[in-house]
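# Fold and contact review
Okay, here's what each chain looks like letter by letter:
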Amino acid sequence: MDLIRRLGAVVGPEHVLTDPAVTVSYAVDWTGRFRGSAAAVVRPRSTEEVAGVLAVCNEAEAAVVPQGGNTGLVGGGVPLAGEIVLSLRRLDEIGPVDTLAGQVTAGAGVTLAGLQARAAAAGWAFGVDLAARDSATVGGMVATNAGGNRMMRYGPMRAQVLGVEAVLADGRVVSHLGGLAKDNTGYDLAGLVTGSEGTLAVVTRVRLRLVPRFEHRVVALLAVGSVATAVEATTSLRREVPSLEAAELFLAEGLALVCRVFGLPRPFAAEHAAYLLVECADHRDPEPELARAVGRLGPLVLDAAVATEPARRAALWRYREAHTEAIATLGVAHKLDVALAPGSLPAFVAEVPAVVARAAPGATTFLFGHVGDGNVHVNVVGAGDGDEVDAAVLGLVADMGGSISAEHGIGRAKRRWLHLNRSPVEIDVFAAIKRALDPRGILNPGVLLPPR
Ligand code: MLT
Ligand code: ZN
């Protein structure tokens, strides 16, 4: 086919994959819920090659799905109808760390773990961390404005992005990687493409800010009697412990599943309704200030486990981070990543089981997430192929003034419900921006924007 030949002329024929036995792995998302087919997988090595690929696809009006580590959870990075997959994995160069500015430029295909290692080697750290760190890529994290575990201290990916190099649908390149702290020179194109889920441009390189690398860390797992107590405790710790970096919530059912699937010892003799995992980090030992603040919570805390050395800290984190993998062993999960105001979280969590039972009788629900950000991950297994449970849970979130997507993005999974959070005028503006930057609509056409 002429398109395949022309793509081969840009990246080399060996980097245009067409064998279905090979391309199939690029056409199913991490959850297994979104499966499709790719006309081809193209693997450029540089911004220039990405530009050549998009120019060819734009001329041919061939739809393109940009893909990083394929760790997305809303079907935003997989082809469902024979699109061209543009894999960014080979753009994996990391520039030198600017140790004076505390910045680095990373290729879109750099993994989060690779970036974290480079920053640490230079005496810095990176402000976003998430469980999929070994496979999630910088480009995909920018495209979805990833949140992760440290958002309450450093913000989402958007807060780390100082500039981007990106390729427009027609192959033109925009590049603004200077990283100047103050640079008020026109529209914030970096901010616009961050969170645009590959629908406005393909990010190829990113200028990122780094954060201080703290030598002292402490993790505490607190058993509490309710979600309301976990929320109250999080607010207290946030107010009293400046070194607080993470506050995560999970419930008895999720802990039982994780311990069963992975053969982990239970953290406490008794079972409790809810668990709050917190981490503090500082240049001096933060354990005393955390201990004092936890002490002031008094009887709200039913039991506690504290760890300072790395292996034990990781063991406590595993109870939280292993939720996603453990749930995936039960089957395909409908992953409804939502955010609510702290005051609404307990009522929402209390309401979800009944809402799910009505929409998907017999389904199993797990609730966990980043309580410090008001972010709950509602994972429903056994809900079948329909989206009744999605409609019911997202409708409840909207009724409670929450967001139907806290950190995973809209993707394909939630585009039908974007109107629950965005007005017709806002969606019209989104469409106008999309038409301006991608007039032929080749970039991730089935993602984010609702069907017209
Ligand atoms: C997590 O925080 O573990 C993921 O973002 C949530 C999920 O896998 O649903
Ligand atoms: Zn999450």
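The structure this text deals with has already been given above.
On a predicted model such as this, the values are computed, not experimentally measured, just so you know. (Residues numbered from 1 in each chain as written. Chains lettered and ligands numbered in written order. Predicted model: local features only at pLDDT ≥ 70, side-chain atom pairs only at ≥ 80, totals over all residues. Heavy atoms only, no water.)

## Describing the sheet that holds strand β2 (residues 38-42)
Reading across from one edge, β1-β2-β4-β3 is the order of the four strands in this open sheet, with mixed pairing throughout. The sheet terminates laterally at β1 (16-17) and β3 (64-67), the two strands that pair on one side only. With two bridges joining them, β1 and β2 adopt antiparallel strand pairing. Bridging across to β2, V16 finds its partner in V42. The strands touched by helix α3 (residues 47-60) within the sheet are β2, β3 and β4 (83-87), with β4 carrying the most contacts at an inclination of about 170 degrees. (Pairing = 2+ DSSP bridges. Helix = DSSP H or I, 4+ residues; strand = E, 2+ residues; numbered from the N terminus. Contact = heavy atoms within 4.5 Å. Axes fitted to C-alpha atoms, helices over the stretch in contact; angles between N-to-C directions.)

## Details of the environment of T99
Here T99 lies in the loop between β4 and β5 (103-107). Separated by 20 residues in the primary sequence, T99 and A119 have C-alpha atoms spaced 9.4 Å apart. When sequence neighbours within four positions are dropped, the list of residues in contact with T99 reads A122 and W124.

## Comments concerning the site of ligand 1
As a structural note, the neighbourhood of ligand 1 is formed by L73, R320, T324, K335, F368, H370, H377, N379, E407 and H408. Contact distances for ligand 1 include 2.8 Å between an oxygen atom and a side-chain N or O atom of R320. Within the side chain of H408, a nitrogen or oxygen atom sits 2.8 Å from an oxygen atom of ligand 1. Coverage of ligand 1 by the protein amounts to 89% of the 270 Å² it exposes when considered alone. Those elements that place two or more of their residues in the shell around ligand 1 are β16 (364-370) and β17 (375-381). Its residues assigned to classes, the shell around ligand 1 shows two nonpolar, five polar and three charged. (Near = heavy atom within 4 Å. Polar contact = N/O pair within 3.5 Å; in protein donor to acceptor, adjacent residues only side chain to side chain. Areas by Shrake-Rupley, 256 points an atom, 1.4 Å probe, with all protein chains shown as cover. Nonpolar A, V, L, I, M, F, W, Y, C, P; charged D, E, K, R; others polar.)

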